[in-house]
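Commentary on secondary and tertiary structure
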Amino acid sequence: MLQMHSHIRGLGRVMVFLAAALASASLTIPEGWGEEGVQYGQLGTDVTLSCIGARTGSLVQWRRDGAMALPEGSAIHQGALVLPHASLAAAGTYSCHDEDGSLLHAVSLQLGHLPGVPFVSCRASDYENFSCSWTSSLETFLPTRYITTYRKKSLTGEEKRRNKSGHVGPCLQDPARTGTCTVHRSEFWSSYRLNITEVNPLGSSFRLLDVTMQAIIKPDPPEGLVVEPVPLAPRRLHVSWKYPASWPKEPHFQLRFRLQYRPVIHRSWSVVETVNLSEVITDAFAGLEHVVQVSAKDFLDAGNWSEWSAEARATPVRDPATMVSEETTTDVSLGSLAEEPSQAPNPEPINRSDPLENTAILVSLGIFAFFVLAAVLVIAILIWLRVRKHSKDETKPHNFLVAATHLKALPRTQILP
């Protein structure tokens, strides 16, 4: 019995909460949905149009502007026009007249649906503000407005004492950006509940969404991306960028970055991550144009990566050895245009390597040679020790025979006391 009573009490709390939410929404629904003389009706239901100004019991006539007849199935009941199961085709302007044909009343009928529950998503481009956007889940065919509020869920002791119901405020809508609102001066470590209510002349519907700043943080893309070739380095590109202007430069909230690049003629990207505002690409293709982009994310891995920045392009410097070889080949070709071209390939290899890479290869070969020499030396020492030990073992039987011969030559009296 107690368990059933607790369930009923919990259900009652939920119903009270929903009723309060609907009541708060209905209290703030703005009046006036168009010009005077407009009536709204729900699609698929029976819609009744009253003839205001007609005397009780008098005969009236109903007409529809632009049509020879009233919609099929319509009927006049006590001076009112009834449209059963109204469809969009029944929308229009209707007028009622007395027996003499004098106009008594005119009304514009607009038909549509009740609001659906809107789709809502939120994003924070910095740790001080966050924005939410929404779209309607149903085409209502009616004028629609939105009421947007928020409530802070995690409160400090002082905030709870001041306001037991929690901190409630408006999510401010931007007239220049339809379908968005912003909560300013939000707290990075707090949780919020958003209430987005869709309202039209037939009713309202709302969506509650709980958000935390850590989950919805998504910086704007980095700005000022610059890519430059590195002199005398045919496989290197220097890339630099700046923090997005929307991200406050505070020491406690830093960003990390992700860099992607590829030659223009290739499809696959190479990706590196860094916490710096610049990076040197060391495996670029000499002489090929490269495209580079960068994105950002909270340093502590909260939220999501930003969108990729706008592309920047650059071409590494060409290898001097390659340039000389190509110039020589060009001169030879121009000088022998009158002759039959040779089909033999050029035996001289083209050096496309980086000087730093050559140095690294030489150092690696030196280290490898050192270890090989050390291994050979250790093996030689082990062999020498083994041979020496073997030679000592061979001398032991010879010494034993000498001692035995000496004992045999001694007189018996010396041997036995």
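Residues numbered from 1 in each chain as written. Predicted model: local features only at pLDDT ≥ 70, side-chain atom pairs only at ≥ 80, totals over all residues. Heavy atoms only, no water.

1. Quick word on the overall build of the protein
The helix and strand inventory of the protein stands at 6 helices and 22 strands. Relative to its full complement of 417 residues, the protein shows a buried share of 29%. A separation of at least 24 residues holds for 65% of the contacts in the protein among residues at least 6 apart in sequence. Of the accessible surface of the protein, which amounts to about 27,600 Å², a share of 60% is contributed by carbon and sulfur atoms. (Helix = DSSP H or I, 4+ residues; strand = E, 2+ residues; numbered from the N terminus. Buried < 20%, exposed > 50% of the residue type's maximum accessible area, 1.4 Å probe, protein only. Contact = heavy atoms within 4.5 Å. Areas by Shrake-Rupley, 256 points an atom, 1.4 Å probe, with all protein chains shown as cover.)

2. Side note on the side chain of Thr140
Mapped onto the elements of the fold, Thr140 is located in the loop between strand E9 (130-135) and strand E10 (145-152). When its relative accessible area of 4% is taken as the criterion, Thr140 is described as buried. The residues touching Thr140, leaving out its near neighbours within four places in the chain, are Leu111, Gly112, His113, Leu114, Pro115, Glu198 and Asn200.

3. Re the nonpolar core
Phe130, Leu194, Val239 and Ile281 are the most contacted members of the largest nonpolar core, which totals 39 residues. Sort the elements by how many residues they give to this core and strand E18 (residues 255-263) lands first, with 4 residues. For Phe130, the contacting residues outside a window of four places in its chain are Arg123, Ala124, Cys181, Thr182, Val183, Ser186, Tyr192, Leu194, Val211, Met213 and Ile216. Val47, Cys51, Ala86 and Leu109 belong to the second-largest nonpolar core, a separate cluster that totals 15 residues. (Core = buried A, V, L, I, M, F, W, Y, C linked by side-chain atoms within 4.5 Å.)

4. Observations concerning unusual backbone geometry
Positive phi, close to 45°, is recorded for His85, a residue that is not glycine. For His85, the position within the fold is in the loop between strand E5 (80-83) and strand E6 (92-97). What makes His85 exposed here is its relative accessible area of 61%.

5. Observations regarding the sheet that holds E9
Each strand in a sheet pairs with its neighbour through backbone hydrogen bonds, running either in the same direction (parallel) or in the opposite one (antiparallel). The 4 strands are arranged E8-E9-E13-E12 in an open sheet whose pairing can be described as antiparallel. Across the chains shown, the open sheet's two edge strands, defined by having one partner strand only, are strand E8 (119-123) and strand E12 (172-173). (Pairing = 2+ DSSP bridges.)

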